[in-house]
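Okay, here's what each chain looks like letter by letter:
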Amino acid sequence: MGMPMGRSNGHLDQSTLKIAVEGNDELDTRRSDAGYPIRGNGYPFKRAFHSNEIDPETNKTNGGNGELGLKVRPHLNKAGRGEKTEGSGRKSRGTWIYSILVCFAIACFLVEALMQDTIMMFLRTPDFAPPGYTGISLPTKNLQLNIRENPDYFGENIKFVPSKFLGRRIWDSNISVRHGERHPIRDPQLALVCSDLSRSPQLLLLFSVATGLQGLGYDLELYSREDGPMRTVWEKLGISVHMLRSYSKQELTVDWLNFDGMVVNTLEAKSLVTSLIQEPFKAVPLIWVIHENELGLRLRDYALSQLTDILNDWKETFHRADVVIFHDYTMPMIYSSLDTGNFFVIPGSPIETWEAEHFMATQKIEDSRIHLGFDSKDFVIVVVGSPFVYKGMWLEHALVMQAILPLMTEFKVENGKATRLKLVIMSSNSSTYDMALQAIALRLGFPSGSVQHVVVNRDVNIILSAADLVLYGSFREEQEFPAILLRAMSFEKPIIAPNLTMVKKYIEDGKHGLLFPAGNVNMLTKAVLLAILNGRVSPLANEIGLAGRLHAKNVMARDVIVGYAAILENVLQFPSESALPHSASDIPETVTREWQWQLFTDPFESKLESPHQSFSKKNVVFQVEELWKSRRHMAEFVPKISKGGDETISLHDWAEEKTNEMDEAIERREADELEERNDQPQGTWEDVYRNVKRVERTRGELHERDDGEMERTGQPLSIYEPYYGPGAWPFLHHAALYRGIGLATRGRRAGADDVDGPGRLPLLGDSYYRDVLCEYGAYFAIANKVDRIHKNSWIGFQTWRAGGRKVSLSTVAEKELIDAVSTGKHGNAVYFWARMDKDVRHGSSKRIAIQQEDFWSFCDATNAGNCRVVFSDAFRRMYNLPASWKALPPMPVDGDSWSVLHSWAMPTSSFLELVMFARMFVDSLDAQHYEEHHDNGTCCLSLSKMEGQHCYCRVLELLVNVWAYHSARRMIYVNPVTGVMQEQHMLEHRRGHMWAKWFGFSLLKAMDEDLAEEVDYEHPANRWLWPSTGEIFWQGIYEREQNHHHRQKILKKRRSREKLERMRGRHRQKSLGKFVKPSPPKDADNGSVKTEDSEP
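Only a predicted model underlies this, so the values are computations on that prediction, with no experimental measurement involved. (Residues numbered from 1 in each chain as written. Predicted model: local features only at pLDDT ≥ 70, side-chain atom pairs only at ≥ 80, totals over all residues. Heavy atoms only, no water.)

**Structural notes on the pattern of salt bridges**
To be explicit about the condition: Salt bridge, as applied in this entry: a Lys or Arg side-chain nitrogen positioned within 4 Å of an Asp or Glu carboxyl oxygen. Secondary structure elements follow DSSP: runs of H or I of four or more residues count as helices, runs of E of two or more count as strands, with numbering from the N terminus. Exposure categories follow from relative accessible area, calculated using a 1.4 Å probe and restricted to protein chains: below 20% of the type maximum is buried, above 50% is exposed, and the middle band is partly exposed.
Applying the stated rule across the entire model yields 28 salt bridges. Across the pair Arg549 and Glu357 runs a salt bridge, and its minimum N-O distance is 3.0 Å. With Arg549 in helix α22 (residues 539-552) and Glu357 in helix α14 (residues 351-362), this pair connects stretches of sequence that are 192 residues apart. Accessibility expressed as a relative area gives 25% for Arg549, which makes it partly exposed. In this structure, Arg476 engages Glu478 in a salt bridge whose closest nitrogen and oxygen atoms are separated by 2.8 Å. Note on accessibility: Arg476 and Glu478 belong to one class, buried. Salt bridges sharing common partners tie together Arg186, Asp260 and Glu577.

In structure tokens form, the structure reads like this:
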């Protein structure tokens, strides 16, 4: 398991060491002579003793106490600190500048080193050393370290424990489900989602898990974004494969409610997971498997850049999953900022073996050794360890070097100053850790250049392939078998490892590897000697390497497959009609003992897509960043986005991008200003009205008679599509024949002429009744004052789920149905196009054989076996029958089928009659089970929590069949594809079977009026569902309204008469005087008076 870090050769020679320890020489010499520990000059160590010096000839210590000191010997200047050499006072200006630059560089280097935890460990040995360990000197004999006494020091407490996940008691949630009475008619159904069908280790893992799940009885379907060569392999396994056009919720037309759960096997399906946050798919159990680590490595950049929008977006998406599965214990820690309590680890994957096999098929080992600078005669021992960094790591590496030191004599060359033994230590520590290892190596006596330190990264394949022997040098107990060991075994390398719990579980000592007691250096030395013979790998080690490679190919396959089965068994909630899968422990051994390599033929011919893909524009992480950048104009965001290889987007690139965006914004603003200055064409008032109406419609402010409504007014049939939540939008139709009805005010389509269900029936504003009534809530909403919204002679309903199950009407079937209702071809009939015997819930089991035509058996199967009892009790209470009544309306088995999925059409008058019957039946059902379900959360019609949320829905789905059959309506099946019609349950064959008197209109109308009279007169204060489901009307209300109108009419006449009388009898004021018309004016010339009769 490669960690994405850089590689360093890490060689520290004596000249570098001298620079690192130069300082106050005189002061250090005095302290050394006095026998006090040296401070300041012993970088990177805090303490060293002068008595422990290395003899350059014998390469051994001179101390008499038998200890190997790790003190770095200070390098003294010849002239001393206070002495001046000749010409020292005439230093040139360039020399001073050079000295200042060198000192500044050294100071920066020291500051960087001091910031590292590993180096600080050496500078503060008493604070970090295990209890009882007083110095850094290591004993030369009987060296043994007790890890158990110092768990913190050796990282024993670095563990991932899914406490939040286990704390939810999810493991006990299905106890009642497994022990409930079932009448199964289908197998448990599971949807698998992957990114593509090309050869990859992720797809191999999913395929192997699917094979195991099939053995437990699961019915699987695979959905992929892209096609590939592995499609035929899935189809040969009997798994249907479907292509998704996109992960976008606007283009997804898959009804995920058809499945009992989903397993999404890629981070790229982020959009799909986001679409499942909304209704109606919010409750579908989701298991999200994360193989990629790119997002986890970016989270720290988001936090530092304060990109809370991106973090919250990803956190919301991760929160949707019921379980997020990783395949190693480092991944949950990388993704820790997104953990909402649903992280879980199933250790093991074929990725390590896949990458090793692919590397060996495409690369040569000789090239790897040349790339690392090793000669063909060199013997390379690679030391690997834990992926975590902890305090005691340096001590473990020191012990490993102590154990390998006796082998140096066997690998010395003729001059004695070099060795063919090369020790490569791999760790996740920083590059500055190399100085500490080099100091330890030199003090122990390793020749210069024989010990190298590299940081674990993606070049781990090159290092492991070049190794002759791989040694696991970490003594901490891991939670899983180390992935780095698994990859080393896949390279056919002999391994040596401590006998840790997880190592012993999968490795047999002497067969797959050599084990030694953790912390026992002497036993480690013996194990290394067994693997080397005459400077080469011993025959025993070669046999171990070959056996290890075969063993590593399938080492944890069974644990992974059983782990997935256990997760599904405890997370999924299987509905009543579903058979339970077998227990996870019952998976056949032949299926789980290995990954399905044999079906992935030639897996390494094509280019392998690495599980740690390079960060590119196709990556979903990059797409999300670009999306938020466009939304929030995050031009200031300067993350280090890897494009592949070593290229990164620099500050200059981001500055240039910001400049380009500013230029484009300026150009757009100038263009808008120029457009405003130009003369605008003047339109007509009709154009203005049309534009205003279009704007208002887009804002959702105008819900008047649009074009679609006017088209529906002129046609005989209108079909309503009930839906709940944005997830159902892609399944709805846009033709004039259809009209949506939202069961909630929120989540309705913007700009569409959909009916507001809660606005027409306030009962739907109660989430409890909206959930338990389902489509019948839409029936009641339409029937409530139906003349105000529905003006067609025929009415139909088609649930949005019909489109997801491929039973919605085609264009041809729509035309045939409209012609039939227009001509009255079948009279007062009920047309339906989703039949029971073709439903996905009916008879889809490969293990169970049932009678497909049995109406009540199907009802029992979908309602936890209690459909007959509940229906009989509700029917008895509805008609006020004796308590001993147990009979059910007969639904004979005559070879025909029944309607399901609320997909039917009938005359509007018949629909109102159906609603009249359904309102009373639902009220009776609710009166019996409200307290048990609403208050206690228990529904006798379900076996799972998700089913219980929609307690009455599955009984009500079949209610239309009981009413249509016994009310003597003709039942016509319409083929949803071809439109061919076929009558079901002929009327002449029903004689003697129908309960016509119970379903007659006169009786139902009388019962309805009785209930209305009770509500009208008594106004009951206790909870009663029936008055809230529709109109309350009876003859007394009609008469009262008539009397009210009559009284209002009489009152109006009386007021008019009184007004006239007031007008006639009002007092009239006499005139104050008589108006006298003034005389005409006289002519100014002759004084004559001009009259009208006078002539000129």
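**Let's talk about the pairing of strand β4 (residues 219-226)**
Keep this limit in mind: In this scheme, strands are said to pair when DSSP sees at least two bridges between them. If the strands point away from the viewer and the path from the first strand over the helix to the second runs clockwise, then the crossover is right-handed.
Pairing of strand β3 (residues 189-196) with β4 involves seven bridges; the strand directions are parallel. Across the sheet, the residue bridging to Ala191 is Glu221, located in β4. Between the parallel elements β3 and β4, the chain passes through helix α8 (residues 201-215) in a crossover that is right-handed. As paired strands, β4 and strand β5 (residues 240-243) are joined by four bridges and run parallel to one another.

**Observations concerning a negative patch on the surface**
To keep it simple, the criterion reads: Only residues whose relative accessible area exceeds 30% and that form no salt bridge are eligible for patches; like-charged ones are grouped when within 9 Å, while nonpolar side chains (Val, Leu, Ile, Met, Phe, Trp, Tyr) are grouped when within 5 Å. For the area figures, the Shrake-Rupley method with a 1.4 Å probe applies, and any residue is considered shielded solely by the protein chains shown. Under the convention used here, Asp and Glu are negative, Lys and Arg are positive, and both His and the chain ends fall outside the count. The location of each charge is read from NZ of Lys, CZ of Arg, CG of Asp or CD of Glu.
Taken together, Glu626, Glu656, Glu657, Asp663, Glu664, Glu667, Glu670, Asp672, Glu673 and Glu675 make up a surface patch of like negative charges. It is helix α26 (residues 651-677) that contributes the most residues to the negative patch, nine residues altogether. Residue Glu673 is classed as partly exposed on the basis of its relative accessible area of 37%.

**Brief notes about the state of the cysteines**
Our working rule: Sulfur atoms of two cysteines make up a disulfide when they are within 2.5 Å.
In the structure shown here, the tally under the stated rule is three disulfides. At a sulfur-sulfur separation of 1.8 Å, the disulfide partner of Cys774 is Cys953. Between Cys774 and Cys953, the S-S dihedral sits near 75 degrees, and the bridge is therefore right-handed. Residue Cys774 is found in the loop between α30 (767-773) and α31 (775-783), and its partner Cys953 is found in helix α38 (residues 953-957); the two are separated by 179 residues along the sequence. Overall, Cys953 belongs to the buried group, its relative accessible area being 9%. Linked covalently through their sulfurs, Cys939 and Cys951 form a disulfide whose S-S length is 1.9 Å.

**What to know about the packing of aromatic side chains**
Defined as follows: By convention, a stacked pair of Phe, Tyr or Trp rings (six-membered ring in the case of Trp) has centres within 6.5 Å and planes under 30 degrees apart, an edge-to-face pair has planes over 60 apart, and any other such pair is tilted. The rule is short: NZ of Lys or CZ of Arg within 6 Å of the ring centre and within 35 degrees of the ring normal puts a charge over the ring.
Inspection of the entire model under this criterion finds 48 aromatic pairs. Residues Phe875 and Phe999 carry aromatic rings whose centres are separated by 6.1 Å and whose planes lie at 35 degrees to one another, so their mutual orientation is tilted. Linking Phe875 in helix α35 (residues 867-878) with Phe999 in helix α40 (residues 996-999), this pair joins segments that are 124 residues apart in sequence. Here Phe875 falls in the buried class, since its relative accessible area comes to 0%. Phe999 sits in the buried class, given a relative accessible area of 1%. Lying over the aromatic face of Trp597, Lys553 brings its terminal NZ or CZ to 5.4 Å of the ring centre.

**Some remarks on the packing of helix α36 (residues 908-935) against helix α41 (residues 1001-1018)**
The criterion, for reference: Angles here are taken between N-to-C directions and fall from 0 to 180 degrees, while the axes themselves are lines fitted to C-alpha atoms, restricted in helices to the stretch in contact. When an angle is under 35 degrees it counts as roughly parallel; over 145 it counts as roughly antiparallel; between 65 and 115 it counts as roughly perpendicular; any other value is oblique. Should the near helix be turned anticlockwise from the far one by less than a right angle, the crossing is termed left-handed; should it be turned clockwise, right-handed. Every residue pair with non-hydrogen atoms within 4.5 Å of one another is taken to be in contact. Gly is put with the polar residues, along with every residue not named as nonpolar or charged; the nonpolar set is Ala, Val, Leu, Ile, Met, Phe, Trp, Tyr, Cys and Pro, and the charged set is Asp, Glu, Lys and Arg.
Their axes nearest at 10 Å, the elements α36 and α41 cross at an angle of 55 degrees. As summarised for this structure, α36 and α41 are arranged oblique, according to the angle between their axes. Between α36 and α41 lies a crossing of left-handed hand. Residues Glu913, Met916, Phe917, Arg919 and Met920 of α36 form the contact with α41, whose own contacting residues are Phe1001, Leu1004, Lys1005, Met1007, Asp1008 and Leu1011. Each residue belonging to the contact of α36 with α41 can be placed in one class, and the counts come to seven nonpolar, no polar and four charged.

**Here's the deal with the sheet that holds strand β11 (residues 421-427)**
Ordered in space as β12-β11-β10-β13-β14-β15, the six strands form an open sheet in which the pairing is parallel. Edge positions in the open sheet fall to β12 (451-455) and β15 (514-516), since each of these has one partner strand only. On average, each strand axis in the sheet is tilted by 20 degrees relative to the strand beside it, whichever way the strands run. Here strand β10 (residues 379-384) pairs with strand β13 (residues 469-472) via four bridges, running parallel. Residue pairing for β13: Ile381 is matched across the bridge by Leu469. Strand contacts of helix α16 (residues 393-404): β10, β11, β12 and β13, with the helix running at about 165 degrees to β11, the strand carrying the most contacts.

**Some words on the pairing of strand β26 (residues 970-974)**
Of all five residues in β26, four are buried; the element is thus mostly enclosed. Pairing geometry for strand β24 (residues 829-832) and β26, over four bridges, is parallel. Pairing of Phe832 across the sheet is with Tyr973, part of β26. Taken together, the four bridges between β26 and strand β27 (residues 981-984) define a ladder with antiparallel strand orientation. Paired with Tyr973 across the bridge in β27 is Gln982. Hairpin connection, β26 to β27: the antiparallel pair is bridged by six residues, and Gly979 has positive phi, about 80 degrees.

Purely geometric stuff here, so don't read any function into it on its own.
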